[in-house]
Amino acid sequence: MTMTDSKQNTHGDLTAVVNASELLTVHSDRPKTGEALSDLGIISNGAVVFSGNKIVAVGRTDEIVNRFQPKNIIDARGRVVMPGFVDPHSHLVYMGSRHEEYECKIAGKSYADLHKSGGIRYTVRLTREASEAELYEKALQDLDIMLMYGSTTVEAKSGYGLDLETELKLLRVAKRLNENHPIDVITTFLGAHTVPDEYKDNKSGYVQLVRQMLNDAAPLAEFCDVWCDNLGFSVDECRQILADAKQRGMKLKIHAEQTSCYGGAELAAETGAVSADHLDFISPAAIEQMAKRNVIGVLLPGVTYHLMEFKKEIPVHKMIEGGMPIALATDYNPGTCRTQSMQAVLETAARLYRLTYAQAINAATINAAFAVDRGHSTGSLSPGKQADIIIMNCAEPGVIINNFGINHVSTVIKNGDIVVQDGRRLNSRA
């Protein structure tokens, strides 16, 4: 691959990451599908040069150094250099732990059983009781972990409030985190996460409350999400909420086909949602419709792993063969997937979905960026994009997945600033 650049060598102070054993550009102008998922855009002995917070050029080290003569050099000899991970589905802001619930899963209880007796509602109670400062501090610590494991952009949903006061509290915390932490935090309103106890006999009344919440949530959230599921909300209820959100200028996401084939994926295609997430029970017809509308399927293998649903046949390769773009995310939350690590997600995707290394990495970078409508600003090492770069302590990308259970990140550069070095968090802000 030859060097590309956005301008003709008239820049201020330049920094270059050089001598990468393999530099993964993963460049694409649109979400990758089909065979494109197998192309990482690898440059051997690669380099990336940036000025301020923007990438200027990528290419072979000798070409970069000779042409740009960068003032600052970061030597990545013997290491993989790649875009920062984008995590397009997380429930970042919450309070409490449901580790005891996991033991119940080990003993054989299903997710549906736990949902009836506690689950989301347990987290809602603790989250309602927590102060905004407590929620902020906990989420800040989680973001630091995500950053050290290589995530540079993270979506954060509300949904553990289920009343106006707490939902707005969660969105305010997420916005403050975006302002004060290196990671770009993208906010999503998920008032339609489940029905709270006080509305257990009046589901339609809660749907109306969610629709009313949108007036106050829209200024704080870029996206609106709904849980379209037998355990959540009907297709028609979700359609009403999403229509109201769209009128307020919000972009759309859907939790779909998590516990059964329910129609959420078709609704995502119908409404022009940016993504439909989970998709464990997606139908062939829905795959076709999502592919036609270019709706990204966000897959959450950590949930399958954590819930121990190993017998599930999730049709991931049918999605790929059908031309549907796929992305990967942690779904970090206290109950169904308690991991902040996109590296862990890569390994579980390879193991459970039989994704190749290249497919998994593309799904966790460029396609994940498009799943939060950021594909034109981050997700790949391309001229003009944000300088969101990670350097790995390995010489080949497959090692990141094969050598599982450890953190391979050596350095994280976010918007042109070194924020993790030698595996340590730098310049912590509160």
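Heads up: these notes are all about the structure in this document. Every value quoted in this text rests on a predicted model; they were computed, and no experiment measured them.

1. Observations concerning the packing of helix α9 (residues 264–271) against helix α10 (residues 284–293)
Here's step 1: Across the interface, α9 lies against α10 with an axial gap of 9 Å and an inter-helix angle of 25 degrees. In this view, α9 runs roughly parallel relative to α10, as classed from their interaxial angle. In terms of crossing hand, the pair formed by α9 and α10 is left-handed. Residues A265, E266, A269 and E270 of α9 touch α10, and the partners they reach there are A286, Q289, M290 and R293.
Here's step 2: When the residues that make up the contact of α9 with α10 are grouped by side-chain class, the tally is 4 nonpolar, 1 polar and 3 charged.

2. Topic: helix α7 (residues 203–217)
Here's step 1: The terminal C-alpha atoms of α7 lie 20 Å apart, and with 15 residues this matches the ideal 21 Å at 1.5 Å per residue to within 8%.
Here's step 2: Among the residues of α7, G205, Y206, V207, L209, V210, M213, L214 and A217 are the ones counted as buried.
Here's step 3: The secondary structure elements touched by the buried residues of α7 are α6 (164–180), β9 (184–192), β10 (223–228) and α8 (235–247).

3. Looking at helix α14 (residues 357–364)
Here's step 1: Buried residues dominate α14, accounting for 7 of its 8 residues.
Here's step 2: If you check which residues of α14 are buried, you get A358, Q359, A360, I361, N362, A363 and A364.

4. So, the nonpolar core
Here's step 1: Within the largest apolar cluster, 118 residues are counted, with the highest numbers of intra-cluster contacts made by L177, F189 and L328.
Here's step 2: When near neighbours in sequence (up to four residues on either side) are disregarded, L177 contacts L92, V93, Y136, A139, L140, L143 and V185.
Here's step 3: By size, the runner-up hydrophobic cluster in this structure holds 16 residues, among which are V17, I55, L381 and I389.

5. Overview of the pattern of salt bridges
Here's step 1: Scanning all chains against the criterion turns up 23 salt bridges.
Here's step 2: Notably, a salt bridge pairs D13 with K71, separated by 3.5 Å at the nearest N-O pair. Here D13 is found in the loop between β1 (4–5) and β2 (15–24), whereas its partner K71 is found in the loop between α1 (61–68) and β5 (72–75), with 58 residues between them in sequence. Assigned by exposure class, D13 and K71 land together as exposed.
Here's step 3: Across the pair D225 and K157 runs a salt bridge, and its minimum N-O distance is 2.7 Å. With D225 in strand β10 and K157 in strand β8 (residues 151–157), the pair connects residues that are 68 residues apart, well separated along the chain.
Here's step 4: A residue is classified by how much of its surface remains accessible, and D225, at 0% relative accessible area, is buried.
Here's step 5: Of the residues examined, K157 reaches a relative accessible area of 2% and is grouped as buried.

6. Points about the packing of aromatic side chains
Here's step 1: In the structure shown here, the tally under the stated rule is 5 aromatic pairs.
Here's step 2: Judged by centre distance (5.5 Å) and plane angle (55 degrees), the ring pair of Y199 and Y206 falls under tilted.
Here's step 3: For Y206, a relative accessible area of 0% puts it in the buried group.
Here's step 4: With 6.2 Å between their ring centres and 65 degrees between their planes, Y305 and F310 make a pair best called edge-to-face.

7. Quick notes on the environment of N427
Here's step 1: Checked against the element boundaries, N427 lands in the segment after β18 (424–425).
Here's step 2: Separated by 246 residues in sequence, N427 and H181 place their C-alpha atoms 9.7 Å apart.

8. Section: the side chain of S283
Here's step 1: Position of S283 relative to the elements: it lies in the loop between β12 (275–278) and α10.
Here's step 2: A polar contact of 3.4 Å, which involves the side chain of S283, links it to the side chain of E266.
Here's step 3: Once residues lying within four places of it in the same chain are set aside, the contact partners of S283 are C261 and E266.

9. Section: unusual backbone geometry
Here's step 1: Here Q69, not a glycine, exhibits a phi torsion of approximately 45 degrees, which is positive.
Here's step 2: Residue placement: Q69 occurs in the loop between α1 and β5.
Here's step 3: You will see that D373, though not glycine, has its phi angle at about 60 degrees, which is positive.
Here's step 4: Turning to its location among the elements, D373 is positioned in the loop between α15 (366–370) and β15 (389–392).

Basis of the calculations
- Residues numbered from 1 in each chain as written.
- Predicted model: local features only at pLDDT ≥ 70, side-chain atom pairs only at ≥ 80, totals over all residues.
- Heavy atoms only, no water.
- Axes fitted to C-alpha atoms, helices over the stretch in contact; angles between N-to-C directions.
- Helix = DSSP H or I, 4+ residues; strand = E, 2+ residues; numbered from the N terminus.
- Parallel < 35°, antiparallel > 145°, perpendicular 65-115°, else oblique.
- Left-handed = near helix turned anticlockwise from the far one by under 90°.
- Contact = heavy atoms within 4.5 Å.
- Nonpolar A, V, L, I, M, F, W, Y, C, P; charged D, E, K, R; others polar.
- Expected span 1.5 Å × (residues − 1).
- Buried < 20%, exposed > 50% of the residue type's maximum accessible area, 1.4 Å probe, protein only.
- Core = buried A, V, L, I, M, F, W, Y, C linked by side-chain atoms within 4.5 Å.
- Salt bridge = Lys/Arg side-chain N within 4 Å of Asp/Glu carboxyl O.
- Phe/Tyr/Trp six-rings, centres within 6.5 Å; stacked < 30°, edge-to-face > 60°.
- Polar contact = N/O pair within 3.5 Å; in protein donor to acceptor, adjacent residues only side chain to side chain.

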